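Below, each chain spelled out in residue letters.
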Amino acid sequence: MTYNILILNGPNLNMLGLREPEIYGRQTLDDIRALCESHAESHGLAVDFRQSNHEGELIDWIQQAPKAHAGIILNPGGYTHTSVAIMDALRAVDVPAIELHLSNIHRREPFRRHSYVAQAVRGSICGFGAHGYLLALDGMRALLTED
Ligand SMILES: O=C1C[C@@](O)(C(=O)O)C[C@@H](O)[C@@H]1O
């Protein structure tokens, strides 16, 4: 069985490669998409990889996920720390979700230590750069095959 995983990227992640490379690395979001697609393929998963700078669009995608996706991996960008609405959307759908950050949000400014999204997900991964996406795919596969 091939599980289709929705990977959502929030605001400013389209700027990866240019954006604060000392924090987020030099890989672009397209590089990360390619890494995810090849990792997924070799692990019996399919990925639907998306990015939006708009909170409502991310919420629409979360709401629609149960129609086509077995799990959600979400890097909410700055909405991590502000969005009750994204937390509520994740709670509204019966699909397991994993929160992901490239940087270690616990070692940065104090306002990044709080995540609304963390309260609506099965687990969180942060601080491993682009490799975190692959860890999240492995974690999602384990969740789906153990459930
Ligand atoms: O946009 C981002 C990226 C981020 O989610 C990360 O991947 O490390 C961490 C957030 O605090 C920040 O606003």
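Report on the accompanying structure. Just so you know, the residues in each chain are numbered from 1, in the order the chain's sequence is written. Totals for whole chains, interfaces and linings use every residue, but because this is a predicted model, local features are given only for residues with pLDDT of at least 70 and side-chain atom pairs only at 80 or more, for both listing and counting. Remark: hydrogens and water are excluded; side-chain values derive from all non-hydrogen atoms of the structure.

Core analysis: the biggest nonpolar cluster contains 26 residues, and Ile 5, Ile 7, Ile 32, Ile 73, Tyr 133 and Leu 137 have the highest contact counts within it. When residues of this core are traced back to their parent elements, those giving at least two are strand E1 (3-9), helix H2 (29-42), strand E2 (45-51), strand E4 (97-101) and helix H5 (131-146). Where helices and strands are cited, they refer to DSSP runs of H or I of at least four residues and of E of at least two residues respectively, numbered from the N terminus. The greatest single-element share of this core, amounting to seven residues, is contributed by H5. Setting aside anything within four residues of it in sequence, one finds Ile 7 in contact with Cys 36, Val 47, Asp 48, Phe 49, Arg 50, Ile 73, Tyr 133 and Leu 137. Counting residues in hydrophobic clusters, the runner-up holds 20 residues, among them Ala 65, Leu 74, Tyr 79 and Ala 89. Nonpolar core, defined: a set of buried Ala, Val, Leu, Ile, Met, Phe, Trp, Tyr and Cys residues in which side-chain atoms within 4.5 Å join the residues together. Exposure is judged per residue with a 1.4 Å probe applied to protein chains only, and the accessible area is read against the type maximum: over 50% gives exposed, under 20% gives buried, and values in between give partly exposed. We call two residues contacting when some pair of their heavy atoms lies within 4.5 Å.

Moving on: the site of the ligand. Throughout, the term near means that a residue has one or more heavy atoms lying within 4 Å of the molecule or strand in question. Neighbouring residues of the ligand: Arg 19, Tyr 24, Asn 75, Gly 77, Gly 78, His 81, His 101, Leu 102, Ser 103, Ile 105, Arg 108 and Arg 112. In this structure, an oxygen atom belonging to the ligand sits 2.8 Å away from a side-chain N or O atom of Asn 75. The protein chains shown are the only cover counted for residues, whose accessible areas, like all others here, come from Shrake-Rupley with a 1.4 Å probe. For the ligand, whose free accessible area comes to 320 Å², the fraction covered by protein is 97%. Of the residues assigned to the shell around the ligand, the class counts are three nonpolar, six polar and three charged. In the analysis that follows, any N or O atom pair within 3.5 Å is treated as a polar contact, provided that within protein one partner can donate a hydrogen and the other can accept it, and provided that, for residues neighboring in sequence, both atoms belong to side chains. Put simply, Ala, Val, Leu, Ile, Met, Phe, Trp, Tyr, Cys and Pro go in the nonpolar bin, Asp, Glu, Lys and Arg in the charged bin, and everything else, Gly too, in the polar bin.

Along the chain, His 81 falls in the loop between strand E3 (71-75) and helix H4 (84-92). Along the sequence, His 81 and Asn 53 sit 28 residues apart, while their C-alpha atoms lie 15 Å from each other. Leave out the neighbours within four places in its chain, and His 81 touches Ile 105, Phe 111, Arg 112, His 114 and Tyr 116.

Attention shifts here to the packing of aromatic side chains. To pair, rings of Phe, Tyr and Trp, with the six-membered ring standing in for Trp, must have centres within 6.5 Å; the planes then decide the type, stacked if under 30 degrees apart, edge-to-face if over 60, and tilted in the middle. Overall, the coordinates contain one aromatic pair when judged by the stated rule. With a centroid separation of 6.2 Å and an interplanar angle of 35 degrees, the aromatic rings of Phe 49 and Tyr 133 are classed as tilted. Residue Phe 49 is located in strand E2, and its partner Tyr 133 is located in helix H5; the two are separated by 84 residues in the primary sequence. The pair Phe 49 / Tyr 133 is uniform in exposure class, with both members buried. Here, a charge over a ring means that NZ of Lys or CZ of Arg falls within 6 Å of the ring centre while also lying within 35 degrees of the ring normal. In this arrangement the basic side chain of Arg 50 is found over the ring face of Trp 61, its NZ or CZ atom lying 5.2 Å from the centre.

Structural measurements only, silent on function.
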